Amino acid sequence: MYFRNGGWTPDRDLAQDFRDAHAVVAALMKYDLQDVQVVFQVGDKPSAEHDICLPPPERPSHRA
């Protein structure tokens, strides 16, 4: 599934584009997105060779 304006779409062509990494982080925080993979696409077409895929960040454990 691909992120689009606060929701999800199965269509990669409808996925939301972000102007920069700061906009990605802002969306992650705004929508409290967890367990998502961020993909930075390099160029006009998806490329397993050139795209950068970041795994979901580990959440800190809150222990009392």
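Treat the numbers as computed from the prediction; the structure is a model and nothing was measured. (Residues numbered from 1 in each chain as written. Predicted model: local features only at pLDDT ≥ 70, side-chain atom pairs only at ≥ 80, totals over all residues. Heavy atoms only, no water.)

1. What to know about the layout of surface pockets
Estimated volume of the largest pocket: approximately 860 Å³. In terms of residue class, the lining of the largest pocket is built from 16 nonpolar, three polar and six charged. (1 Å grid on protein atoms, 1.4 Å probe; cavity = no way out; pocket = protein on both sides within 12 Å on 5 of 7 lines; lining within 4 Å. Points joined across faces, edges and corners; volume = space filled by probe spheres on them. Nonpolar A, V, L, I, M, F, W, Y, C, P; charged D, E, K, R; others polar.)

2. Observations concerning helix α1 (residues 21-30)
Among all positions of α1, only A23, V24 and A27 are buried. Buried positions in α1, seen along its axis, are confined to an arc of 105° and lie on one side of it. Counted as exposed and oriented over 90 degrees from the buried face of α1: H22 and M29. Where the residues of α1 are buried, they touch β1 (2-4) and β3 (38-40). Here α1 starts with a cap whose side-chain oxygen sits 3.1 Å from the backbone nitrogen of H22, and that cap is D20. Two residues or fewer past α1, D32 is found with a positive phi of approximately 50°. (Buried < 20%, exposed > 50% of the residue type's maximum accessible area, 1.4 Å probe, protein only. Helix = DSSP H or I, 4+ residues; strand = E, 2+ residues; numbered from the N terminus. Arc of directions from axis to C-beta. Contact = heavy atoms within 4.5 Å. Polar contact = N/O pair within 3.5 Å; in protein donor to acceptor, adjacent residues only side chain to side chain.)

3. Observations regarding the confidence of the model for the protein
For the protein, the average pLDDT comes to 84, and 89% of its residues sit at 70 or higher. Least confident of the elements in the protein is strand β4 (residues 52-54), whose mean pLDDT is 85; most confident is strand β2 (residues 7-9), at 95. (pLDDT = per-residue confidence, 0-100.)

4. Quick look at unusual backbone geometry
Here N5, not a glycine, exhibits a phi torsion of approximately 50°, which is positive. Looking at the secondary structure, you find N5 in the loop between β1 and β2. Its identity is not glycine, yet D32 carries a phi of approximately 50°, on the positive side. Residue position: D32 is located in the loop between α1 and β3. What makes D32 partly exposed here is its relative accessible area of 48%.

5. Comments concerning the side chain of D51
Here D51 lies in the loop between β3 and β4. In this structure, D51 is in contact with R12, V39, F40, Q41, V42, K45 and P46, ignoring residues within four places of it in sequence.

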